[in-house]
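Each chain, written out:
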Amino acid sequence: MREIQAPNEWKRKEDEPVIFLAGSIEMGSAVQWQKAVVSMLSKKEVLLLNPRRNDWDPSWVQSITNPQFKQQVVWELRGLENCDTVFMYFDPDTKSPITLLEFGLHFNKTVVCCPPGFWRRGNIEVVCDRYKVPLYDDLYKAITHIEEDLEDTNSGGLPSANSPIQ
C-alpha cells in the first residue's frame, strides 16, 4: 500500500488500483477516518490518494487566486478523475458541502459510508439506491467492501459491484 497526501505528486504503477479518499475534513474538525482506511488496507497492493494534509492552513483564502488553495483543489480533481474508486465518508458532525459536490460528480465509481445522523443522509440514501451505489452505515464495513474488491482486482474487482445499505 502506498499513501500519497496532497499536494504531493503521484503516478500509478502498472495494474495498481487507485482509491481516492473523499469525505469529511471540514478544515480539520472531522474525525480522521482516513487513518482507519490506511490501517485496514496497509497490506494491500493499492495507491491511496489522501487529500488530508499535515500542512493545511485554515487561514488560507479559498480563492483561485490563492496558489496553495488552487493547488489543493486541482490535486483533488486530478485524483478524483483518475482513480478507480472513490471511497467517501460523511461525518455526521459535519455539513461536508465539498464532499456532497464530489459525490455528485463521481457517484458512478464511489463506495459511500454515511452513518445515521448526517444532515443530508436521506439524499445520499436515495441517490445510492437509484444509481446502485454501495452505501454503508459503518466505516469498518465500508472498508471491508473495499478490501474484498481489492482481493477481486485480478478478476476485474475495481470498481466495485453494487450492494445495499449495510
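Overview of the structure. On a predicted model such as this, the values are computed, not experimentally measured, just so you know.

## Side note on the overall build of the protein chain
- Of regular secondary structure, the protein chain possesses five helices and six strands.
- Along the protein chain, helices (α) and strands (β) appear in the sequence β-β-α-β-α-β-α-β-α-β-α when read from the amino end.
- Projecting the C-alpha coordinates of the protein chain onto the three principal axes gives extents of approximately 45 × 40 × 25 Å.
- Within the protein chain, the proportion of its 166 residues that are buried is 47%.
- When the accessible surface of the protein chain is summed, it comes to about 8900 Å², and 51% of that surface belongs to carbon and sulfur atoms.
- Computed over 18 positive and 24 negative side-chain charges, the inter-centroid distance for the protein chain is 3 Å.

## Focus on helix 2 (residues 67-82)
- Between the first and last C-alpha of helix 2 there are 22 Å, a value that for 16 residues agrees with the 22 Å anticipated at 1.5 Å per step.
- Residues of helix 2 that are buried sit in contact with strand 1 (2-5), strand 2 (18-23), strand 3 (47-50), strand 4 (85-89) and helix 3 (97-106).
- Structurally, the start of helix 2 carries an N-cap: the backbone nitrogen of glutamine 68 is 2.9 Å from a side-chain oxygen of asparagine 66.

How each quantity is defined
Residues numbered from 1 in each chain as written. Predicted model: local features only at pLDDT ≥ 70, side-chain atom pairs only at ≥ 80, totals over all residues. Heavy atoms only, no water. Helix = DSSP H or I, 4+ residues; strand = E, 2+ residues; numbered from the N terminus. Buried < 20%, exposed > 50% of the residue type's maximum accessible area, 1.4 Å probe, protein only. Areas by Shrake-Rupley, 256 points an atom, 1.4 Å probe, with all protein chains shown as cover. Lys, Arg positive; Asp, Glu negative; His and termini not counted. Charge placed at Lys NZ, Arg CZ, Asp CG, Glu CD. Expected span 1.5 Å × (residues − 1). Contact = heavy atoms within 4.5 Å. Polar contact = N/O pair within 3.5 Å; in protein donor to acceptor, adjacent residues only side chain to side chain.

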